[in-house]
Amino acid sequence: MTDPLSKSGLSRRSLLTTAVAGSAALTVPARANDPAITELQPWMQSLGDGVDARPYGTPSPYEADAVRRDVPWLTADPISSVNFTPLHKLEGIITPNGLCFERHHGGVAEVDPAKHRLMINGLVDKPLVFTMEDLKRFPRENHVYFLECAANSGMEWRGAQLNGCQFTHGMVHCVVYTGVKLKHILEEAGVKTNAKWIMPEGADASAMTRSIPIEKALDDCMVAFAMNGEALRPEQGYPLRIVVPGWEGNMWVKWLRRIEVGDEPWHHREETSKYTDLLASGKARRFTWEMDVKSVITSPSPQAPITHGKGRTVLSGLAWSGRGTIDRVDVSLDGGSNWTTARVDGPSHTKALHRFYHEFDWDGEPLLLQSRAIDSEGWVQPTKNALRDVRGTESIYHNNSIQTWYVQKDGEVENVEVG
Amino acid sequence: MLKSVDLSLLPLPAAPLLPLPPGEGRGEGIATRTTLTRPSSKARGLFTALATLLLTTPALANDLGRPATPAEIAAWDIDIRPDGQGLPEGGGTPADGEPIYNDRCASCHGVFGEGEGRWPVLTGGDGTLQDDRPVKTIGSYWPYASTVWDYIHRAMPFGDAQSLSDDEVYALTAYVLYMNDIIDDEDFELTRETFGEIEMPNEGGFIADERPDTMTLAKGEPCMSDCTDGPVKITMRAAVLDVTPQTEATTDEGETVMVAAAAPAFDAGLAEKGKKVFKKCGACHQVGEKAKNRTGPLLNGVIGKEAGAVEKFRYSKAMKKAAAEGLIWNAETLGWYLEAPRTYMKGTKMSFKGLSDEDDRAAVIEYLKQFE
């Protein structure tokens, strides 16, 4: 987590002031010559590393702060804990493998693929065991999907808490998965007619389980062994995980070793004690699987302040829905009074992140930035208060409300709530 | 690796020819698309012929995987359902469970299930579900007792999963339910047969998904202009709470311990690194003034001391034997143990895969030196 910039003694704030001063200089016609041009830089003169210096490439040291971060006070222990994707540092819709947030319940299992098996049992004609090699003999497919933890933004139910979209929204990532349709594997075992549910189970020390309705299992669920073109990362379930598009991240069981087919849900710990949504009435909703339409502005945001001063500004953000594609994203610069439709750019895959932009001239006055996404099923992202009106503040999960960022005159950005 | 490979010797990959099996309704997989569009026009004739042939032939051979044996299924099929499906033979009472709980669970969950520090609370919270700060526990929230059995058996104690016998899990489940006033009689034997008698207070507290409960286009277009009563005001700022972690690794004042008082050979910088490495140990071991035995023994003063010497901790036979043979923990011996616990000490109950990085081992040992 070393930041070469701060090592050199420059704080972000001092960089900021220089940057603002620099932009002021732009409007002055006669300016000093730029030493980045007039002086010979070390990389222009001496040779760099040869091809084998980084057999597995790593980012430039100047990008050293584009890392996952955790919030230590959230959990008792880093083994059953979570860290967050640095959304403010990312572009496009694909999350690099090393930056996909992590959530484990028993640490990262280091599984030997040669000793990994997938068992299908329960209400099937013939219980089967597959090796990794067997699984790769099924027809493969590639799909881009987001994975969002149901508790993403969970710390914000009661009010603005954490300063940075990495912490407020960073329990989401989006990669291209390579794997096999679960349907093919289940068909190989022969699903009995009274089968209504499946239960994936992990091989790690938490032996994670969730109940999934058979319709979903036979629709778009996958068993994936690769992400973004390479084998799954250990922290994402190497060598095998189940992909449950658009649904709570917790259901995407990692280190997948078994799928049981049954006629009733199991009501295990992660669908009773956890991942149920307590309402103000004291009743709790269960089996709330879909991740609703949501968006967040990733820049400007608290960790990505405006450093160039007033003038042309690019607002950039992410939108997604577990129910389909994103049809539209509106943005507001005044806390939700007036909205303009942003530009959604790049590929639009179902149940995947979408990138949006809005270019505007900043007059240097404070802004209250918001984004509001609408998905292909017509679901509209609600305000925080609209959501609290129906759910109270103790749901923990499924907070898909509109985020407000307060941009101050100096370009610094803060997480706020507005009324 | 690649250096030694003569590229001319690499076999050319065979063109993928198999389309998806028929009946692949929603298959918008790239596999289909690439295989069907890529071949040159010459190859296409043959390819289409092959594809038609395959499409008219029944599905590909149904020969992947192999049958699971009954013993394999028994080894992995450990799940329990509310109707009791999956519960094994055996049984246990709250009275049987108490000593096991105190020994293997209380260090994290508290003697009364109240939760030590921020470890999960297992008891209490009755009637708080509508409160401002509801306390969701087995007693106040969980709908089914089967979940308690299933979870303890599959995941607890944390760091030593699936080490409990079925009787122990029955006894612990009974004891946890007893602490929650769900079982009143400490001699009530929980078995597969008596499981159905347990009534969980909040079983009726769950309802189905009621969404959409917020706005959809079916209810109208969202407002685009003058949507608020005049200009909006800031009502709350995250900066006031100031709970966001700093980007820079900060030293957490409460824990910077006795660096000055340490022996001259002590390397504070290395110890600081060791503090991070110790996060891997923290699930099982505590250090410092309030340290207690958890899954592993407390580690105050462990450097320079005989192995297996912490009072009240139940060591494995292997550790007791090593202690009897005079094992002393120093940088060298502990380094070996931490590198590969079960290779160095066959039979140790430290279920930790080891620290393969020598620097990490040195750092964590340096860190441990500060605790008397």
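Residues numbered from 1 in each chain as written. Chains lettered and ligands numbered in written order. Predicted model: local features only at pLDDT ≥ 70, side-chain atom pairs only at ≥ 80, totals over all residues. Heavy atoms only, no water.

Asker: What exactly am I supposed to notice about the overall build of chain A here?
Answerer: Looking only at helices and strands, chain A features nine helices and 23 strands. At 23 Å, chain A has a C-alpha radius of gyration in line with the 22 Å of a compact globule built from 419 residues. If you line up chain A on its principal axes, its C-alpha atoms span 80 × 60 × 40 Å. Per-residue burial for chain A yields a buried fraction of 61% across its 419 residues. Taking the intrachain contacts of chain A between residues at least 6 apart in sequence as the baseline, contacts between residues at least 24 apart amount to 73%. (Helix = DSSP H or I, 4+ residues; strand = E, 2+ residues; numbered from the N terminus. Rg over C-alpha atoms; globule rule 2.2 N^0.38 Å. Buried < 20%, exposed > 50% of the residue type's maximum accessible area, 1.4 Å probe, protein only. Contact = heavy atoms within 4.5 Å.)

Asker: What's the story with the interface of chain B and chain A in this structure? I'm lost.
Answerer: Interfaces are frequently sized by the accessible area removed from exposure as the parts join. Each partner contributes residues to the interface: chain B has 91 residues there, and chain A has 113 residues. Between chain B and chain A lies a buried interface of about 8500 Å² when both sides are counted; carbon and sulfur atoms form 53% of it. Among the residues of chain B in contact with chain A, B:Leu64, B:Trp76 and B:Arg211 are the three that bury the most area, contributing 10% of the side total. Scanning the region where chain B abuts chain A turns up twelve salt bridges. (Buried area = accessible area lost by both parts, 1.4 Å probe. Salt bridge = Lys/Arg side-chain N within 4 Å of Asp/Glu carboxyl O.)

Asker: Even after reading the chapter, I still don't get the sheet that holds strand β7 (residues 197–202) of chain A, so can you show me in this structure?
Answerer: Paired through backbone hydrogen bonds, the strands of a sheet run either parallel or antiparallel to each other. One open sheet holds the six strands; their spatial order is β8(A)-β7(A)-β12(A)-β3(A)-β4(A)-β1(B), and the pairing between them is mixed. Every interior strand has two partners, whereas the edge strands, β8 (212–213) of chain A together with β1 (66–67) of chain B, have only one. With six bridges joining them, β7(A) and strand β12 (residues 256–262) of chain A adopt antiparallel strand pairing. Its bridge partner lying in β12(A), A:Ile198 is registered against A:Val261. (Pairing = 2+ DSSP bridges.)

Asker: Help me out: how do you make sense of the side chain of A:Arg388 in this one?
Answerer: All names here are of chain A. With respect to the helices, strands and loops of the structure, Arg388 is situated in helix α9 (residues 384–391). Separated by 3.2 Å, the side chains of Arg388 and Asn385 make a polar contact. Setting aside its immediate chain neighbours within four residues, Arg388 contacts Glu156, Trp157, Arg158, Gly159, Thr393 and Glu417. (Polar contact = N/O pair within 3.5 Å; in protein donor to acceptor, adjacent residues only side chain to side chain.)

Asker: Can you help me understand the confidence of the model for chain B in this one?
Answerer: Regions with low pLDDT should not have their predicted coordinates read in detail. Residues and elements named next belong to chain B. For chain B, the average pLDDT comes to 81, and 78% of its residues sit at 70 or higher. Note that residues 1–57 has pLDDT below 50 and, in this model, 34 contacts with residues that lie over four places away or in other chains. Within the model, pLDDT remains below 50 along residues 247–264, and this stretch shows 17 contacts once partners closer than five positions in the same chain are excluded. Among the scores for the predicted complex, ipTM is 0.90 and pTM is 0.76. (pLDDT = per-residue confidence, 0-100.)

Asker: Help me out: how do you make sense of the domain arrangement of chain B in this one?
Answerer: Residue and element names in this part refer to chain B. In terms of domain boundaries, chain B breaks down into domain 1 (1–222) and domain 2 (268–368). Contacts between domain 1 and domain 2 engage eight residues on the former and eight residues on the latter. Each partner contributes to the roughly 700 Å² buried at the junction of domain 1 and domain 2, and carbon and sulfur atoms together form 42% of this total. On inspection of domain 1 and its partner domain 2, the count reaches two salt bridges. Across the pair Glu116 and Lys292 runs a salt bridge, and its minimum N-O distance is 3.2 Å. Linking domain 1 with domain 2 are three residue pairs in polar contact (both at pLDDT 80 or more). (Domains from an automatic or database assignment.)

Asker: Explanation requested: the state of the cysteines in the structure shown.
Answerer: Disulfides are covalent bonds that connect the sulfur atoms of two cysteines. Applying the stated rule across the entire model yields one disulfide over all chains. The disulfide that involves B:Cys223 links it to B:Cys227, with 2.2 Å between the sulfurs. Taking the torsion about the S-S bond as the criterion, the B:Cys223 to B:Cys227 disulfide, at about -95°, is left-handed. Residue classification places B:Cys227 among the partly exposed residues on the basis of a relative accessible area of 27%. The structure places no disulfide on A:Cys100, whose sulfur is separated from the nearest cysteine sulfur, that of A:Cys174, by 8.8 Å. (Disulfide = S-S within 2.5 Å.)

Asker: Quick question: what am I supposed to make of the sheet that holds strand β15 (residues 294–299) of chain A here?
Answerer: Residues and elements named next belong to chain A. Strand order in the open sheet formed by four strands is β15-β16-β20-β19, and the pairing between neighbours is antiparallel. A strand with exactly one partner marks an edge of an open sheet, and here the two such strands are β15 and β19 (343–345). Sheet twist, expressed as the average angle between the axes of neighbouring strands with direction ignored, equals 35°. Relative to strand β20 (residues 354–362), β19 runs antiparallel, the two sharing three bridges. Looking at the pairing, Val344 lines up with Phe356 of β20. (Axes fitted to C-alpha atoms, helices over the stretch in contact; angles between N-to-C directions.)

Asker: What's the story with helix α6 (residues 145–155) of chain B in this structure? I'm lost.
Answerer: Side chains of residues three or four places apart in an α-helix project in the same direction, reflecting 3.6 residues per turn. Extensive coverage of α6(B) is indicated by the burial of eleven of its eleven residues. Along α6(B), the residues classified as buried are B:Ala145, B:Ser146, B:Thr147, B:Val148, B:Trp149, B:Asp150, B:Tyr151, B:Ile152, B:His153, B:Arg154 and B:Ala155.

Asker: Explain the domain arrangement of chain A to me, please; I cannot follow it from the model alone.
Answerer: All names here are of chain A. Along its sequence, chain A is carved into domain 1 (98–285) and domain 2 (290–416). Each of domain 1 and domain 2 has a C-alpha centre, and these two points are 28 Å apart. Listed by partner, the interface residues are 40 residues for domain 1 and 36 residues for domain 2. Counting each side, the surface lost to burial between domain 1 and domain 2 is near 3300 Å², with a carbon and sulfur contribution of 56%. The largest per-residue losses of area from domain 1 upon contact with domain 2 belong to Phe146, Trp157 and His169, which jointly make up 24% of the total buried on that side. The tally of links from domain 1 across to domain 2 stands at four salt bridges. A salt bridge links Glu156 to Lys384, with the shortest nitrogen-to-oxygen separation between them at 3.9 Å. Linking domain 1 to domain 2 there are 19 residue pairs in polar contact (both at pLDDT 80 or more). Mapped by element, the contributors of at least two residues to the side of domain 1 that touches domain 2 are β5 (140–148), α6 (165–169), β6 (172–181) and β13 (277–278).

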